[in-house]
Amino acid sequence: MLPSDMFDLDAGTDVRSVKRRYAQLLKQFRPEDDPEAFQRLRDAYEQALEWVSRGQGASTPVLEKATDATSDITLPRFSLEPAGEPDCAEAKRVRALPDTCGSMSEALAQAREMHQEEVLQLELLRRSQLSGARAIELIRWAVEHLNWLTPWQPNYLPATAMAQLAQRLLEHELTLLWEQLPTVTEAVLYENVEALACQKWMQPLELNSQLQQGLIAVLECYQNGSPDLLRQMSALFGWNDRDGFLPCDPERWERLADHLAYTSMWKTLLSQLALPSPQQPKERACWFLFKPMSDAKRRKMADRFEPADWAACEHLAREVERRQPHIPQRMGVEYVANWRQWRHQDWGGWAILYAWLIISVVLMVDQLHQAQSGGETSMYQGLALALIASSFMTVILSQLRRAWAWLARELAHPDVWGSRFLVPPAMFRQGSGLLMLRHVMPAAVFAVLVSAWAQHAPMAITLLLGTLVFVASLCFLHRVTRGALPYAWLIPVARLVSVINWKMFLLWLVIIVGGVLLARLAGPNALKRQAMPADPLTACSRPVGDQQQRDCEWAEKKLRELMAKSRAAD
């Protein structure tokens, strides 16, 4: 459609008629509904104004074009005076409408009825450049109702003045964000930023870039944020550190991410410590690592921990030790650095294995000693009985150990209190190490039982055996309660075997196996020769001992039988 058809241009058409017609058509072709139709309307409106200015010879055109002699580029020059020569009294009344009307919408409606919207907008522009909150409210109203600071703003508004208004409005919005930081929540802050970023006047690239840089400074001082807020902001503005699309340098971005993670963590930890009782693994981990409590309570809490609780402790400790070491100081609490020593280790199976080995060796040695002393059972029968008895006793002791462990956990408070005075501090370790009821007493009972089962050994050997078993049990428990592996003593042996020449290893293996086989083959014959001496009189002439006494009694019995038979034959 041509401008002449849209604005009914003829010889009697003036600027006021064009503007009146433009105001009517603007209601049909709004920029937010149909931008292309609005652009065509705007072009037709400018052409109509130029046609009227040329035809009527207006002295004050809306847009003056200055053409350079060396260039075809036209440079617009704006003026704060309205087009044409309006009546001074009417212009004054229009400029006073913001003060005389009840609202700006009413003032705009009256100015449009008077066909003096341009005068009103220039007056609003003048007032917007003043200081104070009233000017900011006026700019916001003009942005919403008059499309200021957008591509659809009237062309008679000076671009330089509008750019200054946009900068002023942006600084005001950032100031509001700064003022909200001490009390605003994370969700409300994001909503405010999202609403600000989605406004029409924030679409220019330069303003949007300034907004993003200002937000980085705001987030650096925000003490209630979290990494989730940074992720939401990144999704809103398209920030991506992998592609290098950031509003700041990478070092500053990394510091900002660490700051938000730091503030989020200590805020979460404080809220967890304020709970009456922890319910989730993360809450129990926070209590265990930061909550001030007695050694007995910490021992009781550690006994009830499950794998999920220890995993939460490990995750929290990793964050504190590697990334946020200043959190305990900021929270005003003390970090339990030795928390891993309180962790329950699954060493029960290894303890049963070691107990079975000790019992088996003791019973085998005792059976061998009994067989050599002329017992009723043979060596092989004694070894078989020793293996069976050791397995049976180990099963009974394992069940007793479980029952005793449950009882000791229930008596954790008196156990920790008494162990503080009876156990050396290096082994006690504030309740995370050896305890009297839980560790020392079972080790002592096991040592007494082992020494009692060696009934055929001399008293000195029995006492020495019990002492060695007790000391070895305490060393084992001391290592495993510190977190060491139950089979740690096997590691040096395995390393030694790995560095030895395999030919030498096979040679020594053959020697050991051959020696054991020869001992087994020669063992029964040697025992028989000791049990039945060939010469009774020679046996009786030996120094008297237990075995020699029994040999002499046997020889004397045989001699009497021979003498009785000889007398009977005579």
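Quick notes on the rules
Residues numbered from 1 in each chain as written. Predicted model: local features only at pLDDT ≥ 70, side-chain atom pairs only at ≥ 80, totals over all residues. Heavy atoms only, no water. Helix = DSSP H or I, 4+ residues; strand = E, 2+ residues; numbered from the N terminus. Buried < 20%, exposed > 50% of the residue type's maximum accessible area, 1.4 Å probe, protein only. Contact = heavy atoms within 4.5 Å. Areas by Shrake-Rupley, 256 points an atom, 1.4 Å probe, with all protein chains shown as cover. Phe/Tyr/Trp six-rings, centres within 6.5 Å; stacked < 30°, edge-to-face > 60°. Expected span 1.5 Å × (residues − 1). Polar contact = N/O pair within 3.5 Å; in protein donor to acceptor, adjacent residues only side chain to side chain. Axes fitted to C-alpha atoms, helices over the stretch in contact; angles between N-to-C directions. Parallel < 35°, antiparallel > 145°, perpendicular 65-115°, else oblique. Left-handed = near helix turned anticlockwise from the far one by under 90°. Core = buried A, V, L, I, M, F, W, Y, C linked by side-chain atoms within 4.5 Å. Patch = residues over 30% accessible without salt bridge, like charges linked within 9 Å, V, L, I, M, F, W, Y side chains within 5 Å. Salt bridge = Lys/Arg side-chain N within 4 Å of Asp/Glu carboxyl O. pLDDT = per-residue confidence, 0-100.

Further remarks concern the overall build of the protein chain. In terms of helices and strands, the protein chain carries 27 helices and two strands. Taken across its 570 residues, the protein chain has 36% of its residues classed as buried. Counting contacts in the protein chain only where the partners sit at least 6 residues apart, residues at least 24 apart contribute 64% of the total. On the protein chain, roughly 34600 Å² of surface is accessible, and the fraction owed to carbon and sulfur atoms is 60%.

Taken as a whole, this structure holds 11 aromatic pairs when the rule is applied. Residues phenylalanine 288 and phenylalanine 305 carry aromatic rings whose centres are separated by 5.2 Å and whose planes lie at 50 degrees to one another, so their mutual orientation is tilted. Of this pair, phenylalanine 288 sits in helix 14 (residues 281-290) while phenylalanine 305 sits in the loop between helix 15 (295-303) and helix 16 (307-323); the two residues are 17 residues apart in sequence, bridging distant segments of the chain. Residue phenylalanine 288 is classed as buried on the basis of its relative accessible area, which comes to 0%.

One non-glycine residue, histidine 115, lies in positive phi territory at about 60 degrees. Note on placement: histidine 115 falls in the loop between helix 6 (104-113) and helix 7 (117-128). Even without being a glycine, asparagine 147 presents a positive backbone phi close to 60 degrees.

On to helix 16. In this model helix 16 runs 24 Å from its N-terminal to its C-terminal C-alpha over 17 residues, within 8% of the 24 Å that 1.5 Å per residue would give. For helix 16, the full list of buried residues reads Asp309, Trp310, Ala312, Cys313, Leu316, Ala317, Glu319 and Val320.

The next point concerns the side chain of threonine 394. Tracing the chain through its elements places threonine 394 in helix 19 (residues 379-410). Within the local environment of threonine 394, its side chain forms a polar contact with the backbone oxygen of serine 390, the two atoms lying 2.6 Å apart.

Attention now moves to the packing of helix 11 (residues 205-220) against helix 13 (residues 250-273). Two quantities define a packed helix pair, namely the angle between the helix axes and the distance between the axes. Relative to each other, helix 11 and helix 13 sit at 40 degrees, their axes nearing to 10 Å. When the axes of helix 11 and helix 13 are compared, the pair comes out oblique. When you trace helix 11 past helix 13, the crossing you get is left-handed. Side by side, helix 11 and helix 13 meet where Ile216, Ala217, Leu219 and Glu220 of the first sit next to Arg252, Trp253, Leu256, His259 and Leu260 of the second.

A separate point is the nonpolar core. Generally speaking, a soluble globular protein has its nonpolar side chains buried in company with each other. Within the largest apolar cluster, 59 residues are counted, with the highest numbers of intra-cluster contacts made by Trp148, Leu149, Trp201 and Leu211. With eight residues, helix 9 (residues 159-180) is the single largest residue contributor to this core. Excluding its chain neighbours within four sequence positions, the residues that come into contact with tryptophan 148 are Gln121, Leu124, Leu125, Ser128, Ala142, Val143, Gln153, Pro154, Leu157, Met162, Leu165 and Trp201. Counting 26 residues, the second-largest nonpolar core is a separate cluster that includes Tyr262, Cys286, Leu289 and Ala312.

A contiguous nonpolar surface patch, about 440 Å² in accessible area, is contributed by Trp404, Trp406, Leu407, Leu411 and Met441. Top contributing element to the nonpolar patch by residue count: helix 19, with three residues. Relative to the helices and strands, methionine 441 resides in helix 22 (residues 436-453).

This part is about the confidence of the model for the protein chain. Scored by pLDDT, the protein chain comes out at a mean of 77, with 76% of its residues at no less than 70. Per-element confidence in the protein chain is highest for helix 10 (residues 186-197), whose mean pLDDT is 92, and lowest for strand 1 (residues 64-67), whose mean pLDDT is 30. Confidence over residues 56-86 falls short of pLDDT 50; this stretch has 40 contacts with residues more than four positions distant or in other chains. Below pLDDT 50 for its whole length, residues 523-544 participates in 16 contacts with residues either more than four positions away or in separate chains.

Turning to the pattern of salt bridges, a few remarks are in order. Close approach of charged atoms lets side chains of opposite charge pair. Scanning the model with the defined rule gives 13 salt bridges in all. Between aspartate 303 and arginine 299 there is a salt bridge whose closest N-O contact spans 3.1 Å. Of this pair, aspartate 303 and arginine 299 are both found in helix 15, four residues apart, which corresponds to roughly one turn of the helix. A residue is classified by how much of its surface remains accessible, and aspartate 303, at 21% relative accessible area, is partly exposed. Overall, the relative accessible area of 6% leaves arginine 299 in the buried class.

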